[in-house]
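Here is how the chains run, residue by residue.
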Amino acid sequence: MRENRSSATPFSVPTASGRISYTEQGAGPVALFVHGVLLNGHLWRHQLAHLSDIRRCIAVDLLAHGDTEIAPDQDVSVTANATMLKEFLDASNIEQVDLVGNDSGGGIAQIFAALHPHRVRSLTLTNCDAHDNWPPEAFKPFLAMAAAGGLRGALDAMLSDKSVYRSPQALAPAYEHPEQLTDESIEIYLRPLVRTEQRTRDFQRFLAAFDNKHTLAVEAELKSLKAPTLIAWGTDDVYFDVKWAHWLADIIPGTRRCVEFKGARIFFPEERGAEFNQELRAHWLAAEQETS
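Residues numbered from 1 in each chain as written. Predicted model: local features only at pLDDT ≥ 70, side-chain atom pairs only at ≥ 80, totals over all residues. Heavy atoms only, no water.

### Things to note about the overall build of the protein chain
Looking only at helices and strands, one finds 12 helices and eight strands in the protein chain. Compactness check: the protein chain gives a C-alpha radius of gyration of 18 Å against a globular reference of 19 Å for 292 residues, within 12% of the reference. With the C-alpha coordinates aligned to their principal axes, the bounding extent of the protein chain is approximately 55 × 40 × 35 Å. Relative to its 292 residues, the protein chain shows a buried fraction of 58%. The contacts of the protein chain with a sequence gap of at least 6 include a subset with a gap of at least 24, amounting to 74%. As displayed, the protein chain has an accessible area near 11600 Å², and 50% of this comes from carbon and sulfur atoms. Charged side chains in the protein chain number 28 positive and 39 negative. The centres of these two groups are separated by 3 Å. (Helix = DSSP H or I, 4+ residues; strand = E, 2+ residues; numbered from the N terminus. Rg over C-alpha atoms; globule rule 2.2 N^0.38 Å. Buried < 20%, exposed > 50% of the residue type's maximum accessible area, 1.4 Å probe, protein only. Contact = heavy atoms within 4.5 Å. Areas by Shrake-Rupley, 256 points an atom, 1.4 Å probe, with all protein chains shown as cover. Lys, Arg positive; Asp, Glu negative; His and termini not counted. Charge placed at Lys NZ, Arg CZ, Asp CG, Glu CD.)

### What to know about helix α2 (residues 78-91)
Think of an α-helix as 3.6 residues a turn; residues three or four steps apart then line up on the same face. Here α2 spans 20 Å end to end across 14 residues, near enough to the 20 Å set by a 1.5 Å rise per residue. Taken together, the buried positions of α2 are Val-78, Ala-80, Asn-81, Ala-82, Met-84, Leu-85, Glu-87, Phe-88 and Leu-89. Positive phi appears at Asn-93, one or two residues downstream of α2, with a value of about 55°. (Expected span 1.5 Å × (residues − 1).)

### Examining the nonpolar core
Nonpolar side chains tend toward joint burial in soluble globular proteins. Counting 96 residues, the largest nonpolar core has Phe-33, Phe-88, Tyr-165, Leu-190 and Leu-207 as the members making the most contacts within it. Every residue in contact with Tyr-165, bar those within four places of it in the chain, is listed here: Leu-39, Met-158, Ala-170, Leu-171, Ala-172, Tyr-175, Leu-181, Ile-186, Tyr-189 and Leu-190. (Core = buried A, V, L, I, M, F, W, Y, C linked by side-chain atoms within 4.5 Å.)

### Observations regarding the packing of α2 against helix α3 (residues 104-115)
The geometry of α2 relative to α3 is characterised by a closest axis approach of 8 Å and an angle of 60° between their N-to-C directions. In terms of orientation, α2 and α3 fall into the oblique class. By crossing handedness, the relation of α2 to α3 is classed as right-handed. Residues Val-78, Thr-79, Asn-81, Ala-82, Leu-85, Lys-86 and Leu-89 of α2 pack against Ile-108, Ile-111 and Phe-112 of α3. Class assignment of the residues belonging to the contact of α2 with α3 gives a composition of seven nonpolar, two polar and one charged. (Axes fitted to C-alpha atoms, helices over the stretch in contact; angles between N-to-C directions. Parallel < 35°, antiparallel > 145°, perpendicular 65-115°, else oblique. Left-handed = near helix turned anticlockwise from the far one by under 90°. Nonpolar A, V, L, I, M, F, W, Y, C, P; charged D, E, K, R; others polar.)

### Re the pairing of strand β7 (residues 229-234)
Most of β7 sits out of view: six of its six residues are buried. Burial along β7 is two-sided: Thr-229, Ile-231 and Trp-233 and Leu-230, Ala-232 and Gly-234, pointing in opposite directions, are all buried. Two strands pair when backbone bridges link them, and strand β6 (residues 120-128) and β7 are joined in this way by three bridges, in the parallel orientation. Pairing of Leu-125 across the sheet is with Ile-231, part of β7. As judged from the six bridges shared by β7 and strand β8 (residues 255-261), these two strands associate in the parallel manner. For Trp-233, the partnering residue across the bridge sits in β8 and is Glu-260. For the segment spanning β7, helix α10 (residues 243-251) and β8, crossover handedness is right-handed. (Pairing = 2+ DSSP bridges. Right-handed = clockwise from strand over helix to strand, strands pointing away.)

### Some words on the confidence of the model for the protein chain
In the predicted model, the protein chain carries a mean pLDDT of 96, and 98% of its residues have values of at least 70. Taken element by element, the predicted model of the protein chain shows its lowest mean pLDDT in helix α12 (residues 273-291) (96) and its highest in strand β3 (residues 30-34) (99). Throughout residues 1-5 the model reports pLDDT below 50, and contacts reaching past four residues in sequence, or to other chains, amount to 15 contacts. (pLDDT = per-residue confidence, 0-100.)

### Brief notes about unusual backbone geometry
Cis geometry marks the peptide bond from Trp-134 to Pro-135; its omega dihedral reads -5°. When you line up the elements, Pro-135 lands in the loop between β6 and α4 (140-160). Here the phi dihedral of Leu-38 falls at roughly 75°; this positive angle occurs in a residue that is not glycine. Note on placement: Leu-38 falls in the loop between β3 and α1 (45-51). Of the residues examined, Leu-38 reaches a relative accessible area of 2% and is grouped as buried. Unlike most non-glycine residues, Asn-93 shows phi in positive territory, near 55°. One can find Asn-93 in the loop between α2 and β5 (97-103). The exposed category is assigned to Asn-93, whose relative accessible area is 74%.

Laid out in structure tokens, this is it:
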């Protein structure tokens, strides 16, 4: 067992999908955190900081995000990202994880859990893509802008003036309190996406690959997923209505709890870290008792 680190530490590991960047903190059974579009492992900083007493917490950077390095022809679809997670675990000699996903990372987590159920000790899904709600209607204007060639300009605008990121036309709808998001966090999220022209192209390809065929393809497997599952959902989300929490809870037989965070929005893991961490801790401990 690794020593319990007092702060999150960055690492990377080579896989067939690329050199995967991740941040790690803590010791014990592994909890794997999967972020969504436009973000990276920084989303989970409060979980790494406060749950590392009972878990070896790992937050990966997805393909085309953060500091993960990939080839120009690497598939960056959500199914390819689920494959990457398996490669990452294999390369890191990790057999099982408590899997946690948000946004498109929640869709990726569903695909991974459906295809590799024996690797999932427990599953937690927060506001995320599901069934045919991918991409969500409210995100389609951003995808259309990117497809029309405006992605680099939009990223540059949000980096040069952080208030643009926090505006209603950009990411404000994703936050309960967008004014509280720091300039530093915006830099951490967006700067890697414009570090090189290839990185921006890779992110463009990630957006262009959004297609609900990936989640629809694994629904039969989700209906037989027995891993203890927590559904935690912010109720004030323009992207993923709370009806999708109930849909997931109904379709996944391993669901143990469906928790609603009143008034919370999609990125509540960083805005309401203390409340969410309490639910995660209880979920993991209950799952351990089930299997002991």
